[in-house]
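# Observations on chain architecture
Listed here are the chains, written in short residue letters.
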Amino acid sequence: MKKAFFIMTLVFLWGLMVASIIQMPTSGDINNPSYNITTHYYINKTIRDTNAPNIISAIINDYRAFDTLGEATVLFISIIAVSSVMKNTYLKKREEKGDH
Amino acid sequence: MQIFNVILILFLITCAIAVERTKDLLAAVIIFASYSFFMALLWLLLRAPDIALTEAAIGAGVTTILFVGVISKTRRME
Amino acid sequence: MDDLIVRTVTKWIVPFIQVYGIFIILHGHISPGGGFSGGAVLGSSIILITLSLGYKKASGIISHSTSALLESGSIIWYVLIGIVGIISGNNFLTNRGAGFYMGEVGDVISSGMIPLITVAIGIKVASTVITLFHTIIEED
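Quick caveat: nothing in here was measured; it's all calculated off a predicted structure. (Residues numbered from 1 in each chain as written. Chains lettered and ligands numbered in written order. Predicted model: local features only at pLDDT ≥ 70, side-chain atom pairs only at ≥ 80, totals over all residues.)

## Remarks on the overall build of chain B
- Within chain B one finds three helices and zero strands.
- Ordered by position from the N terminus, the helices and strands of chain B form the series α-α-α.
- With the C-alpha coordinates of chain B rotated into their principal frame, the extents come out at 40 × 25 × 10 Å.
- Each of the 78 residues in chain B was classed as buried or not, and the buried ones make up 21%. (Helix = DSSP H or I, 4+ residues; strand = E, 2+ residues; numbered from the N terminus. Buried ≥ 20, exposed ≤ 12 C-beta atoms within 10 Å, placed from the backbone.)

Structure follows, in structure tokens:
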């Protein structure tokens, strides 16, 4: 009973996914909703704005530079978390002194 | 090129299922590295070479080494 | 790992990997690549040294304090580049309006602050990878 319910739910979710994939526009079509004014702006004006031929690098490091600063902060927080868990020198010093 | 794409996606799905079914954690990590490598090839076919570079360097290289380091500190079997 | 073949091949191949990583970082605004992938390649070369030649050799090249200094320094460098935009009277992280050297299209030293930010991200990612692996593998 429980297994049949699981399988029914999975089949329903699979049908939902296939139905939404069929509705998606084909990749690279000119009528895509993602092919809008923003794409035109980046393709036409990137060289004028930043002198960089690599449009992706220009978007990451110039137009969306604040977002990249956030990613660098995520790396920083991850390294703080790992060193605070693995290298607990503060706790070791307290154990050597003997005051728990 | 279409057939190559389909074969790559089939390998990808097989690797993803095999990672979940494997009991040996070291073998699962190696299969996960091959998953990342097929993903990098797919990014290359989707014309995103910078993402392919990042996936090959971080997904197949650094993540595997970090997982192996953690397994050497803990148990190998699930 | 104490094996002659692995040690010899590592000594031969590490400079080429590092040159490739520096190439990816410095050409981030011209060809595909950028700070994240180049930094990962650079960090992987140091991890290769740790795995084949031992932890002592790798920490002689880049120690824990040096790595921590590079991490904090690169993110401060990023924020300072952004503050140049504020000082010149524009928004945070402005490129052309802040008076950076723009140069010719296609040169390595061109397009303002983009190579500076790419170098900062590359150093940050490389030192993060090295510190993560050394912290995990370190004997206590």
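## Topic: the interface of chain A and chain C
- Counting from both sides, the interface comprises 24 residues of chain A and, opposite them, 31 residues of chain C.
- Breaking the side of chain A that touches chain C down by element, the ones donating at least two residues are helix 2 (37-50), helix 3 (55-63) and helix 4 (65-86) of chain A.
- Sort the elements by how many residues they give to the side of chain A that touches chain C and helix 4 of chain A lands first, with 11 residues. (Contact = placed C-beta atoms within 7 Å.)

## Describing the nonpolar core
- In terms of nonpolar packing, the biggest core is built from 47 residues, with B:Ala57, C:Ala40, C:Ile117, C:Val125, C:Val129 and C:Phe133 touching the most fellow members.
- At 13 residues, the largest contribution of residues to this core is made by helix 5 (residues 114-137) of chain C.
- For C:Ile117, the residues in contact, after removing those within four places along its chain, are A:Asn61, A:Ala65, C:Tyr78 and C:Ile81. (Core = buried A, V, L, I, M, F, W, Y, C linked by C-beta atoms within 7 Å.)

## Regarding the confidence of the model for chain A
- Taken residue by residue, chain A gives an average pLDDT of 86. The fraction at 70 or more is 90%.
- Per-element averaging of pLDDT across chain A places helix 5 (residues 89-97) of chain A at the bottom with 69 and helix 1 (residues 2-23) of chain A at the top with 94. (pLDDT = per-residue confidence, 0-100.)

## Digging into the packing of helix 3 (residues 49-73) of chain B against helix 5 of chain C
- For the pair helix 3 of chain B and helix 5 of chain C, interaxial distance at closest approach is 9 Å and the crossing angle is 15°. When the axis of helix 3 of chain B is compared with that of helix 5 of chain C, the two are roughly parallel. Viewed along their axes, helix 3 of chain B and helix 5 of chain C form a crossing whose handedness is left-handed. Contacts from B:Val62, B:Ile65, B:Leu66, B:Gly69 and B:Val70 of helix 3 of chain B reach helix 5 of chain C at C:Val129, C:Leu132, C:Phe133, C:Ile136 and C:Ile137.
- Residues of the contact of helix 3 of chain B with helix 5 of chain C, tallied by class, amount to nine nonpolar, one polar and no charged. (Axes fitted to C-alpha atoms, helices over the stretch in contact; angles between N-to-C directions. Parallel < 35°, antiparallel > 145°, perpendicular 65-115°, else oblique. Left-handed = near helix turned anticlockwise from the far one by under 90°. Nonpolar A, V, L, I, M, F, W, Y, C, P; charged D, E, K, R; others polar.)

## Some points on the packing of helix 1 (residues 2-21) of chain B against helix 2 (residues 25-45) of chain B
Residues and elements named next belong to chain B.
- It is the contact of helix 1 with helix 2, at a shortest axis distance of 9 Å, that shows an interaxial angle of 155°. The angle between helix 1 and helix 2 places the two elements in the roughly antiparallel class. In terms of crossing hand, the pair formed by helix 1 and helix 2 is left-handed. Taking contact as the criterion, the partners of Asn5, Leu8, Phe11, Leu12, Cys15, Ala16, Ala18 and Val19 in helix 1 are, on helix 2, Ala28, Ile31, Phe32, Ser34, Tyr35, Phe38, Met39, Leu41, Leu42 and Leu45.

## Regarding the confidence of the model for chain B
All names here are of chain B.
- Taken over all residues, the pLDDT of chain B has a mean of 90, while the share at 70 or more is 100%.
- Considering each helix and strand of chain B separately, the mean pLDDT is smallest for helix 3, with a value of 89, and largest for helix 2, with 93.
- Model confidence for the complex is summarised by a pTM of 0.85, with the ipTM given as 0.82.

## Focus on the environment of A:Asp62
All names here are of chain A.
- Considering the arrangement of structural elements, one finds aspartate 62 in helix 3.
- Aspartate 62 gets classed as buried once you count the C-beta atoms within 10 Å, which come to 23.
- Taking the C-alpha atoms as reference points, aspartate 62 and threonine 50, 12 residues apart in sequence, are found 7.7 Å from one another.

## Observations concerning helix 5 of chain C
- In a regular helix each residue adds 1.5 Å, so 24 residues correspond to 34 Å; helix 5 of chain C covers 35 Å between its end C-alpha atoms and thus fits that length.
- Among the 24 residues that make up helix 5 of chain C, 21 are buried, leaving the element largely enclosed by the rest of the structure. (Expected span 1.5 Å × (residues − 1).)

## Focus on the environment of C:Ser74
Residues and elements named next belong to chain C.
- Note on placement: serine 74 falls in helix 4 (residues 64-87).
- In this structure the C-alpha to C-alpha distance between serine 74 and serine 127, which are 53 residues apart in sequence, comes to 9.8 Å.
- Apart from the residues within four sequence positions on either side, serine 74 is in contact with Ala120, Ile123 and Lys124.

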